[in-house]
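Next come the chains, spelled out residue by residue.
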Amino acid sequence: MDFSLSENELEIVELVKEIADNELAPRMVEIDEASRFSWDNFKLLGNAGILGMLFPEKYGGTDLGYLAYSLSVEEVSRGDFNTGLTLSVHSMSALAILKFGTDKQKETYLQRLMTGDYLMAFVLSEPDFGSDAAGLQCRAEKVDGGYKLNGTKAWISNAEDAHLFVVWATLDPKLGKKGITTFIIEKDTEGIEVAKKEPKMGGEGTATNQIIFTDCFIPDDCLLGEEGRGLRVALNSLSGGRIGVAANATGVSQRALDEALAYSQERVQFDVPICEFQGIQWKLADMDTMIEAGRLLYQKAAYLKQYAGNDLDLDPIKEASQAKCFATDSCLHVCSEAVQIMGAYGYSREYPVERLMRYSKVTQIFEGSNEIQRNLIARELLKD
Ligand SMILES: Cc1cc2nc3c(=O)[nH]c(=O)nc-3n(C[C@H](O)[C@H](O)[C@H](O)COP(=O)(O)OP(=O)(O)OC[C@H]3O[C@@H](n4cnc5c(N)ncnc54)[C@H](O)[C@@H]3O)c2cc1C
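These numbers come from a predicted model, not from an experiment.

Thresholds applied
Within each chain, residue numbers correspond to sequence positions counted from 1 in written order. Residues qualify for local features only when their pLDDT is at least 70, as the model is predicted, and side-chain atom pairs are given and counted only at 80 or more; totals for whole chains, interfaces and linings, by contrast, use all residues. Side-chain metrics rest on all non-hydrogen atoms present in the structure, leaving aside hydrogens and water. Counting from the N terminus, the helices are DSSP H or I runs at least four residues long and the strands are E runs at least two residues long. Only protein chains enter the accessibility calculation, which uses a 1.4 Å probe. A residue is then buried if its area is under 20% of the maximum for its type, exposed if over 50%, and partly exposed in between. Any two residues whose heavy atoms approach within 4.5 Å are treated as being in contact. Pairing between strands is defined by DSSP: at least two bridges between the two strands are required. Boundaries between domains were set according to an automatic or database domain assignment. Buried area counts how much accessible surface, traced with a 1.4 Å probe, disappears from two parts once they are put together, with both parts' losses summed. Here, a salt bridge means any side-chain nitrogen of Lys or Arg that lies within 4 Å of a carboxyl oxygen of Asp or Glu. Between N or O atoms, a polar contact is any pair within 3.5 Å; within protein, one atom must be a potential hydrogen donor and the other a potential acceptor, and residues adjacent in sequence are included only when both atoms are from side chains. Lines fitted to C-alpha atoms define the axes, with helix axes restricted to the stretch in contact, and inter-axis angles between N-to-C directions lie between 0 and 180 degrees. Roughly parallel refers to an angle under 35 degrees, roughly antiparallel to one over 145, roughly perpendicular to one between 65 and 115, and oblique to any angle outside these ranges. Less than a right angle of anticlockwise turn of the near helix away from the far helix marks a crossing as left-handed, whereas a clockwise turn marks it as right-handed. The classification used treats Ala, Val, Leu, Ile, Met, Phe, Trp, Tyr, Cys and Pro as nonpolar, Asp, Glu, Lys and Arg as charged, and all other residues, Gly among them, as polar. We define proximity as follows: a residue is near a molecule or strand when any one of its heavy atoms falls within 4 Å of that partner. For the area figures, the Shrake-Rupley method with a 1.4 Å probe applies, and any residue is considered shielded solely by the protein chains shown. The disulfide criterion is simple: two cysteine sulfur atoms within 2.5 Å.

## Structural notes on the environment of leucine 87
Line of reasoning, step 1. For leucine 87, the location among the structural elements is in helix α5 (residues 81–100).
Line of reasoning, step 2. The exposure class of leucine 87 is buried, given its relative accessible area of 0%.
Line of reasoning, step 3. Taking the C-alpha atoms as reference, leucine 87 lies 11 Å from methionine 114; in sequence the two are 27 residues apart.
Line of reasoning, step 4. Leaving out residues up to four positions away in the same chain, leucine 87 has contacts with Leu45, Ile50, Leu51, Tyr69, Ser72, Val73 and Val76.

Below you can see the structure in the form of structure tokens.
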């Protein structure tokens, strides 16, 4: 497996690093404190071509592939975790259109999604169906010329700011998994209410809301893929999303290590910088090793995802889950160690690491909790 990058790929990853250092990192705390979506950051990604890295040139993309894309998600997240999460969720939602959409859907939406004029949200979870997403109850009743949607979705990132939703609903709950169907729906459609905003432990710069559909009529051409095949769309999107979360968590971990490393060289106790104590050095060494291992796992999954292309049978389910699980478990540990190295200053809201630690927790929960990732890994092992 070759993780080396072409000249084009290297160039964009270098550009993303510069953007992360110079534009995103200095504003991370301010944006999170303000508790609102940063259109400036999102447009910055669009203008730099970062939103189009997984998309063909004919739709305004740069088609650089999963390896360069996931490294870019890491870099963006190192600068600002909220923007990194948005990049990942937006890209996986837009990819569902590229993979399963009609030519008309691609032509209508992709270009706007690449430039950052349009933001997408991924609308799967429901108040009573999180891990058990296949049990979802939001109903899409077939009516003349389209479908009528009724039901409530929960915990939807960027629902307030997005223009376009990729939504999962069932044609009839009695059909079980065979009823699940995917739709592309504009947010300003009549019958959609973006409801309760969830107060969260961290990551306030990415709002998370409920969405309520009440007799929401959508025409037939909102169908994404085939009726009853929505679970395939969700699973394929989520394996890509999990690689994105692994990269997001790795970026957050790297930022925490960078902050702690710099602090340990400046902070003097017992007349020496604390980095001279072996107890601190071992923490730094373990943090770096965990980050590197998580990075390699997501690079492997990204390489295989790129190789799989549109062949759903080759989707690297196990590798994506391993990367997500390891990189996010590591992230909480690395961030906690960064706080520990910085002592009281690590615990202070005036330094960024307590914020990174609060945010790191959610990476173990969303895009499928780490318990569910372990179930998926075990299921793949037992298959053979
Ligand atoms: C900040 C945030 C943003 C989110 N963004 C989105 C989004 O944009 N779109 C979207 O659709 N969803 C989103 N989610 C929802 C997220 O995907 C779900 O929270 C997640 O899938 C877990 O579901 P749950 O919270 O309902 O937990 P539950 O499914 O109720 O699980 C509770 C606990 O039980 C464990 N558990 C459940 N089943 C099993 C099992 N079979 N074996 C072992 N343990 C199990 C879980 O791991 C967890 O620890 C977001 C969530 C958060 C917190």
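## Observations regarding the pairing of strand β5 (residues 180–186)
Line of reasoning, step 1. Summarising burial for β5: 6 of the 7 residues are buried, a large majority.
Line of reasoning, step 2. Judged from the 2 bridges that link them, β5 and strand β8 (residues 223–224) form a sheet pairing that is antiparallel. What sits directly across from phenylalanine 183, in β8, is leucine 223.

## Section: the domain arrangement of the protein chain
Line of reasoning, step 1. What the domain assignment reports for the protein chain is domain 1 (7–119), domain 2 (122–224) and domain 3 (230–383).
Line of reasoning, step 2. For the pair domain 2 and domain 3, the two sides together bury roughly 890 Å², of which 75% comes from carbon and sulfur.
Line of reasoning, step 3. For the interface between domain 2 and domain 3, the tally reads 0 salt bridges.
Line of reasoning, step 4. Summed over the shared surface of domain 2 and domain 3, the result is 3 residue pairs in polar contact (both at pLDDT 80 or more).

## So, the packing of helix α7 (residues 230–266) against helix α11 (residues 353–363)
Line of reasoning, step 1. Two elements in contact, α7 and α11, have axes whose closest approach is 10 Å; the angle formed by their N-to-C orientations is 160°. In this view, α7 runs roughly antiparallel relative to α11, as classed from their interaxial angle. Judged by the twist between their axes, the crossing of α7 over α11 is left-handed. Here Val245, Asn248, Ala249, Val252, Arg255, Ala256 and Glu259 of α7 come into contact with α11, specifically with Val353, Leu356, Tyr359 and Thr363.
Line of reasoning, step 2. Here the residues of the contact of α7 with α11 sort into 7 nonpolar, 2 polar and 2 charged.

## Things to note about the side chain of serine 239
Line of reasoning, step 1. Relative to the helices and strands, serine 239 is located in helix α7.
Line of reasoning, step 2. With a relative accessible area of 2%, serine 239 lands in the buried category.
Line of reasoning, step 3. Not counting residues within four places of it along the chain, the set of residues in contact with serine 239 comprises Lys305, Asp315 and Ala320.

## Focus on the site of the ligand
Line of reasoning, step 1. The immediate surroundings of the ligand are formed by 18 residues, with Phe122, Ser131, Trp155, Ser369 and Glu371 found nearest.
Line of reasoning, step 2. One of the backbone nitrogen or oxygen atoms of leucine 124 is found 3.0 Å away from an oxygen atom of the ligand.
Line of reasoning, step 3. One of the side-chain nitrogen or oxygen atoms of serine 157 is found 2.8 Å away from a nitrogen atom of the ligand.
Line of reasoning, step 4. Here the ligand, which alone exposes 970 Å², has 63% of that area covered by the protein.
Line of reasoning, step 5. Going through the elements one at a time, β3 (146–157) and α12 (370–383) are the ones with two or more residues in the shell around the ligand.
Line of reasoning, step 6. Considered class by class, the residues forming the shell around the ligand number 8 nonpolar, 7 polar and 3 charged.
Line of reasoning, step 7. Counting contributing residues per domain, the shell around the ligand is built from domain 2 (122–224) and domain 3 (230–383), each supplying no fewer than three.

## Brief notes about the state of the cysteines
Line of reasoning, step 1. For the coordinates displayed, the defined rule picks out 0 disulfides.
Line of reasoning, step 2. Between cysteine 138, a cysteine without a disulfide, and cysteine 216, which holds the nearest cysteine sulfur, the sulfur-to-sulfur distance is 8.9 Å.
Line of reasoning, step 3. By relative accessible area, which is 1% here, cysteine 138 ends up buried.
Line of reasoning, step 4. Of all cysteine sulfurs, the one in cysteine 216 lies closest to cysteine 222, which takes part in no disulfide; the gap is 8.4 Å.

## Some details on the pattern of salt bridges
Line of reasoning, step 1. Throughout the structure, instances matching the rule amount to 19 salt bridges.
Line of reasoning, step 2. If you follow the salt bridges from partner to partner, you end up with Asp32, Glu33, Arg349 and Arg355 in one network.

## A closer look at the side chain of glutamate 74
Line of reasoning, step 1. Turning to its location among the elements, glutamate 74 is positioned in helix α4 (residues 66–79).
Line of reasoning, step 2. Given a relative accessible area of 3%, glutamate 74 falls into the buried group.
Line of reasoning, step 3. Side-chain polar atoms of glutamate 74 contact the side chain of tyrosine 298, separated by 2.6 Å.
Line of reasoning, step 4. Among residues more than four places away in sequence, those in contact with glutamate 74 are Ala247, Thr250, Gly251, Gln254, Arg295 and Tyr298.

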